[in-house]
Every structure is written in structure tokens, then in C-alpha cells.
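Residues per chain are reported as follows:
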Amino acid sequence: MMEFKRQEKSALRRIWTQPPFPAILERCGYFLSGFCLCAASLGNGFLPLAMGFICACTGANGVAAAVGGALGYYFFWGGGIQPVAWCASALLLSAVLGDRQICREAPLLLPMAAALTVALWGVLFQALSGDKTPVALYLLRILMALSSCGVSFRVLRERNPLFDWFACGFAVLALAQILPLPYIGLGYIAAGALVVRGAFPAAALSGLALDLAGITPLPMTAIVCLSYLIRFLPRQPLWLGGFGVVSVSSIVMYICGVWDLSPVPGLFLGAMAGVYLPTQAPKTHKRGEIGLAQVRLELAAGVLTQTRQLLSGIPEIPIDTDLLIQRAVEGACNSCTCRKNCKDVNRVAQMPGTLLHQPLQNAEELPVICKKSGRLLAQLHKSQEQFRTIAADRQRQREYRAAVVQQYGFLSGYLQELSDSLTHKIDCIENNFHAETRVYCNRPAVENGDRCLRFMGTGGKYYVILCDGMGSGPEAAQEARTGCDLLRQLLLAGYPTEHALGSLNSICALRDRAGILTVDLVELRLDTGIVSLYKWGAAPSYLITDGTVEKIGVPTPPPGLSASGWQAPARRVNLGCGELLLLVSDGVGEEAAIRICREKAGAPEDILARCLVDCGTNQGDDDATVVCIRLREE
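Since this is a predicted model, take the numbers as computed values, not measurements. (Residues numbered from 1 in each chain as written. Predicted model: local features only at pLDDT ≥ 70, side-chain atom pairs only at ≥ 80, totals over all residues. Heavy atoms only, no water.)

Q: Can you walk me through the overall build of the protein in this structure?
A: Assigned secondary structure in the protein consists of 22 helices and 10 strands. Residue burial in the protein is summarised as follows: out of 634 residues, 43% are buried. Within the protein, contacts between residues at least 6 apart in sequence are counted, and of these 72% link residues at least 24 apart. Total accessible area computed for the protein in this model is approximately 32,700 Å², and 61% of it derives from carbon and sulfur atoms. (Helix = DSSP H or I, 4+ residues; strand = E, 2+ residues; numbered from the N terminus. Buried < 20%, exposed > 50% of the residue type's maximum accessible area, 1.4 Å probe, protein only. Contact = heavy atoms within 4.5 Å. Areas by Shrake-Rupley, 256 points an atom, 1.4 Å probe, with all protein chains shown as cover.)

Q: Can you help me understand the sheet that holds strand S6 (residues 541–545) in this one?
A: Hydrogen bonds along the backbone pair up the strands of a sheet, which may run parallel or antiparallel. What the 5 strands build is an open sheet, ordered S1-S10-S9-S6-S7; its pairing is antiparallel. Each edge of the sheet is formed by a strand with only one pairing partner; in this case those strands are strand S1 (433–441) and strand S7 (548–552). In this sheet, adjacent strand axes meet at a mean angle of 20° when their direction is disregarded. Both S1 and strand S10 (residues 625–633) contribute to a ladder of 9 bridges, which runs antiparallel. Bridged to Phe433 within S10 is Glu633. (Pairing = 2+ DSSP bridges. Axes fitted to C-alpha atoms, helices over the stretch in contact; angles between N-to-C directions.)

Q: Honestly, helix H14 (residues 263–275) in this entry has me stumped. Any pointers?
A: A turn of α-helix holds 3.6 residues, and therefore any two residues three or four places apart point the same way. The terminal C-alpha atoms of H14 lie 19 Å apart, and with 13 residues this matches the ideal 18 Å at 1.5 Å per residue to within 8%. Of the residues making up H14, those classed as buried are Pro263, Val264, Gly266, Leu267, Gly270, Ala271, Gly274 and Val275. (Expected span 1.5 Å × (residues − 1).)

Q: Explain the side chain of Ser506 to me, please; I cannot follow it from the model alone.
A: Locating Ser506 in the fold gives a position in helix H20 (residues 497–510). Other than its neighbours up to four places away in sequence, Ser506 contacts Ala403, Gln406 and Gln407.

Q: Would you mind showing me how to read the nonpolar core here?
A: One recurring pattern in soluble globular proteins: nonpolar side chains tend to sit buried together. If you look at the biggest cluster of nonpolar residues, it comprises 69 residues, and the most contacted ones within it are Cys55, Leu110 and Leu173. Element by element, the count of residues in this core is highest for helix H8 (residues 135–157), at 8 residues. With 27 residues, the next largest nonpolar core counts Phe410, Leu453, Leu487 and Val519 among its residues. (Core = buried A, V, L, I, M, F, W, Y, C linked by side-chain atoms within 4.5 Å.)

Q: How do you make sense of the sheet that holds strand S5 (residues 530–536) when you look at a structure like this?
A: Across the sheet, which stays open at both edges, the 5 strands sit in the order S2-S3-S4-S5-S8 with antiparallel pairing between neighbours. Single-partner strands in this sheet number two, and they are strand S2 (450–456) and strand S8 (570–574). Going from strand to strand, the sheet's axes swing by 15° on average, the running direction of each strand aside. With 7 bridges connecting them, S2 and strand S3 (residues 461–469) associate as antiparallel partners. If you follow Met456 over to S3, its bridge partner there is Tyr462. Of the strands in this sheet, S2, S3 and strand S4 (517–525) touch helix H19 (residues 474–492), which is tilted by about 15° from S2. Of the strands in this sheet, S3, S4, S5 and S8 touch H20, which is tilted by about 170° from S4.

Q: What am I meant to see in the environment of Leu501 here?
A: Among the secondary structure elements, Leu501 is positioned in helix H20. Separated by 10 residues in the primary sequence, Leu501 and Leu491 place their C-alpha atoms 9.7 Å from one another.

Q: How should the packing of aromatic side chains be read in this particular structure?
A: Here a ring pair, both rings aromatic, is described through the centre-centre distance and the interplanar angle of the planes. This model, assessed by the stated rule, comprises 13 aromatic pairs. When the centroid spacing of 5.8 Å and the interplanar angle of 65° are considered together, the rings of Phe46 and Trp77 count as edge-to-face. Separated by 31 residues along the polypeptide, Phe46 in the loop between helix H2 (20–37) and helix H3 (49–56) and Trp77 in helix H4 (residues 59–77) bring together distant segments of the chain. The class of Trp77 is partly exposed, set by a relative accessible area of 26%. On the numbers, 6.2 Å between centres and 75° between planes, the contact of Tyr73 with Trp86 is edge-to-face. Separated by 13 residues along the polypeptide, Tyr73 in helix H4 and Trp86 in helix H5 (residues 81–97) bring together distant segments of the chain. By relative accessible area, Tyr73 is classed as buried at 1%. Aromatic rings pair up to connect Phe31, Phe35, Phe75 and Phe76 into one cluster. We note Arg141 situated over the ring of Phe46; from NZ or CZ to the ring centre the distance is 4.2 Å. (Phe/Tyr/Trp six-rings, centres within 6.5 Å; stacked < 30°, edge-to-face > 60°. Lys NZ or Arg CZ within 6 Å of the ring centre and 35° of its normal.)

Q: What is the right way to read the packing of H3 against H4 from this model?
A: When two helices pack together, their arrangement is given by the angle between the helix axes and the distance between those axes. Put simply, H3 and H4 touch, their axes get as near as 8 Å, and they point 170° apart. Our classification of the angle between H3 and H4 gives roughly antiparallel. Contacts between H3 and H4 pair Leu49, Ala50, Met51, Phe53 and Ile54 from the former with Gly62, Ala65, Ala66 and Tyr73 from the latter. Residue classes in the contact of H3 with H4 are distributed as 8 nonpolar, 1 polar and no charged. (Parallel < 35°, antiparallel > 145°, perpendicular 65-115°, else oblique. Nonpolar A, V, L, I, M, F, W, Y, C, P; charged D, E, K, R; others polar.)

Q: Just checking my understanding: could you explain helix H10 (residues 186–197) for this structure?
A: Between the first and last C-alpha of H10 there are 16 Å, a value that for 12 residues agrees with the 16 Å anticipated at 1.5 Å per step. Within the sequence span of H10, burial applies to Gly187, Tyr188, Ala191, Gly192, Ala193, Leu194, Val195 and Val196.

Q: Would you explain the layout of surface pockets in this entry?
A: Where empty space is left becomes clear once a probe the size of a water molecule has been rolled over the atoms. Of the pockets and cavities examined, the second largest pocket occupies roughly 350 Å³. Lining the second largest pocket are 16 residues; nearest its centre among them are Leu37, Phe53, Ser152, Ala167 and Ala171. Of all elements in the fold, only H2, H3, H8 and helix H9 (161–175) reach the threshold of two or more residues within the lining of the second largest pocket. Among the residues forming the lining of the second largest pocket, the class breakdown is 12 nonpolar, 3 polar and 1 charged. (1 Å grid on protein atoms, 1.4 Å probe; cavity = no way out; pocket = protein on both sides within 12 Å on 5 of 7 lines; lining within 4 Å. Points joined across faces, edges and corners; volume = space filled by probe spheres on them.)

If you want it as C-alpha cells, here you go:
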């Protein structure tokens, strides 16, 4: 019976973790968040909380939040052009700035843009449609756009208790206006849950939000804070918090002489619901050797973060084009036979520095008249060459600095996560699958420029890495081996996959080895069967299911081309039992690989792989490697 329940639970987990379901649930969550945030009100006027949230979202999540926000403003406020304009502007800001490196380096850029957008729309509607919004509400909307965008941006991208507390306050402020049933307000329910399960600052901010919403004459901040103190009673059951909220509310109503029972049902239901909410394992105190190690890791992470900020703040020194023009004029005029009687020497010396950006093919393109224009053009061409050399050198310096900054950022985040994990209980992950991988090559490992590694990582993750070095022979094999070994060490150390790939990209950029290799990295979750496939300059992969072939991956630039604009997007698929995932190096042509996969889709795995390898061998001298990956149930 227990075995049957375990298999049933595993089957349900696999169904819910298939790619469509998590994505749909995530989009619905963003849609409901944008919808509910529209209900926030101060002074009987709508607020741009939903707009700030939309600005912080990215991709399809931002679209879902924008649609929810537009419908929410229509549902709660009866429509209006201005809130719809907010949502559209927020979606545009999200697309332009939402996931850019500049927003991560300057966290206030996106919130300031949101506040400025609200301010501009307010002025525009006052000028065109005669909007009579009071100045106080106008300024409050600007402040709310700034704060909600900043808080949402931090909450969606990093774990910080301070911003989580403010997010709880904003959520309660919005939910306070939603009353699905009489005497059952969502804001009261959320505040009651925070009293039982949340941190004290989050509970206090929720009470303040209820007071600002003005939905009850009772001092909700005092009720929530006093109810939170019940948690400090020794040996009291958690469910006592629900009755404690009712008792504290009654005492406060008696003291204030104001009897309003509307908050009591919602607070009681929220407190009782909070009993069943999941909670994180409590952190242990920093003492002994573990505490000392944690403090050192946090200090090291802080130093790396500060170093990263200092390197990012180095100002760009402009190229002195006027000096280059002056040197060109001196080189042309000092050796000119007409320099003593030349009347245009002053005008020639005052030529603008922007002249170096022009092609300058003949004398007619010069802004001055010179008797020896050929001599002057020759010197200007030399100055142009110097200008291009200096600009290229500055560009390389920017790339090197960006690569170093990325490395410091990755290390800082990794050390901080490692410090946090020292005081958390490690949950044992049950593996429902085991991975089977086989590698087929057309050359021995010493001469093969394709390198494949398979190993077990942390947290129930299994990794397969296929690196293809440029060309073939020992040099290509060494490059592929170096890239694979570096990724393996980073992933075994607990580095996030995106950070490990970013580190490889930075190292390739620092070594001036752009395009020296391509990367196929597969991350398999052995508990759910979810596969994350990262392709970076690599050939497409193929998923074979019941005789059908699906191509995975599109052509992308190889790592090392740029340290600032790197990306290795992940493609997530659910690899069920019986399905076959093929990683193919570029030694096998794409058209031939698709044809063979379709013809041999029902053939045994080794026959299919050998046909692909033989096809690559017949097409040229490049290395051909095929990696077959399957999942089997435990």
C-alpha cells in the first residue's frame, strides 16, 4: 500500500512538473498579482502599485501582469484611460529596461523611470482632459510608483527580508479593498496570517496598511502588533494565535470605545489559515566554528560586492580627438614648403575633432582649403588610424573590466548563498529516476576535439556537458577539456548553472579566445524528470518520442565574444521514460542529422548513434560525437 501511494505521488508530481503546467501556473500568479494590486486606494484614488509590479516583470510574465492590471483597473475603478496608459507604459519599460545589466548595476534606474512616467502622464491628462487630481494625490502616485517598482524589482530578483516586508505591506494595502463576502476581507485574512507566520516587521506593516486603507476606525496597527506578542508565550500551541487575535481586538475596542466587528472574522480566518502555511526551517545562532565560518563568508561576499561596485564605477575617459587633429596638422604643416606664406594655417589648425569619424576620401571633404591637401589628407589618415586603435583598445578594456566585474558578482552571490546554507537544514531529495548516458565518437579521446563529461551534482541534479573545441586535433581537444573541467568544478561546488556558464564566458573573453569552443549543458532533475538544456553556439539537439523527432535549439554565438552581452537561454523539457535525448556536435550536419533521426527513430539507440557518427565521418574531417540520454525509473 505504501509503495502504491509513493508511485501515485511520484506520478502526480511528474504531471504537475511537466513544462506546460508550471508555466501556466506562473502566468496565472502574475496575472492575479497585477489584478489585485489595482485595488489599492489612498484618499479614494487609484494608485500605480500594479504599474510598479509590471515594470519589474520580464517577458511573458510582464504581459500577464499587464493584462491583469488593465482588467483590474477596469473592474475596481470602472475603467479610465490613465491607468491603462500606466499599464502600457510599464510593459514598455519592462521590455526596454527590465532585464538589462544596467538595471542590476543601478537599481534606482527602473523605479525612477516608473515615477517619471506616472508624473508625465499626470501632467498630460491635466493638460488635455482637465483631470482634477489633487496635488497631494498626484505626488502620492509618483511616490507609490517609485517604491512599488523598487520593492517588486528586488523581491523578484533576490532574497532580502527588508524588501519582503515592504512587499507584504503593499499586498495588504491592495487586498484591504477586496471584500468577496460580507465581513470577510482579504486584507484582514492576509494580516491574520502574517500575525501567526510572518516576521514582526511584516505584520506591523500590514497593520499600518490597513490603517492607511481607512476601511475601519479601529487602530489595526496596535491590534496586529499586540496579537503578534502572543507568539512569545511559552509552550503555547500555534492555533492559539487565532483566538488571541479575537481577544486582542475585543480589548482594543473596549479601550478605544469603538465597536466594529468587521475585522474580526477575517483576522481569525487568516490566523487559523496561517497555522497550516509552510514555514522555513529556523536558522541557528551563529556560534562556534559554523558561526565563524559564516561570518567570514559574509565578509568575503561583502568585499567582493564592494570591489565589483568600485570597478563598475570607473569613469570612461574620452578620446582627445582635438589633440589627434592638432598632431596631424603639425605633421602636415611643419614639413610643408608653403608654411611661411600660408594664410590658411589658423583655419587648418581649428578643424573639429569629429573630422576623424568621416571617411575623407578626397580634398573636397575637408572643411578648409589647403594648397597641399594631399599631405594633410595623409596625416589625417594616420590620425584616423590612431583613433581607431585607441577606440579598439578602450573597447577591449571595457570587455575585460566587464568580465572581471561579472566574476566578482558571481563569487559574491555564491559565497552569500553558501553562508546562508550553513544554518539551514538540508532536505533529502528523493530521486525517482536515474540517468543513462552513452557517448559515441569517431576518434579517440586524445585526438577528439569533442569532450563529454557526466557527473552527479548537488540537490539531486545530474549534469551532462558536451564541449566542442574549434577544429580538430590535440589543440581542440585541450580547449574542450579545459572548458568541461572548469564547468564541472563550478557545478560541483554548487554554482548556479547560469553563473557557471557566465564564468566560462568571462574567462574566454579575458583570454581572447572567443569562439574557441561551443557548449551543450544538460541539467537533469532526477526527482521530477525536468531537463534544462543550455546551448551556447552548439548544434541543435533532438528529442525522440514514439517515433517523432523534435529539434531543440537555434544557432547562437559561441561564448567569449562579449563579456557584457552574454546569454545562454535554457530550454526546459520533460524527459519521460522511454524518450531519447540526443546531443550532437557540429561534425554531423544538421540536415543529415534530422534525416537520419527520422529514418532511424524506431531503431535501437546504438544503431541510430552509429549512423549519425558515420555520417559525420563521411562529410568531412571534423570530429563527430553523439551523446544519448535516457531516464529510467528507480
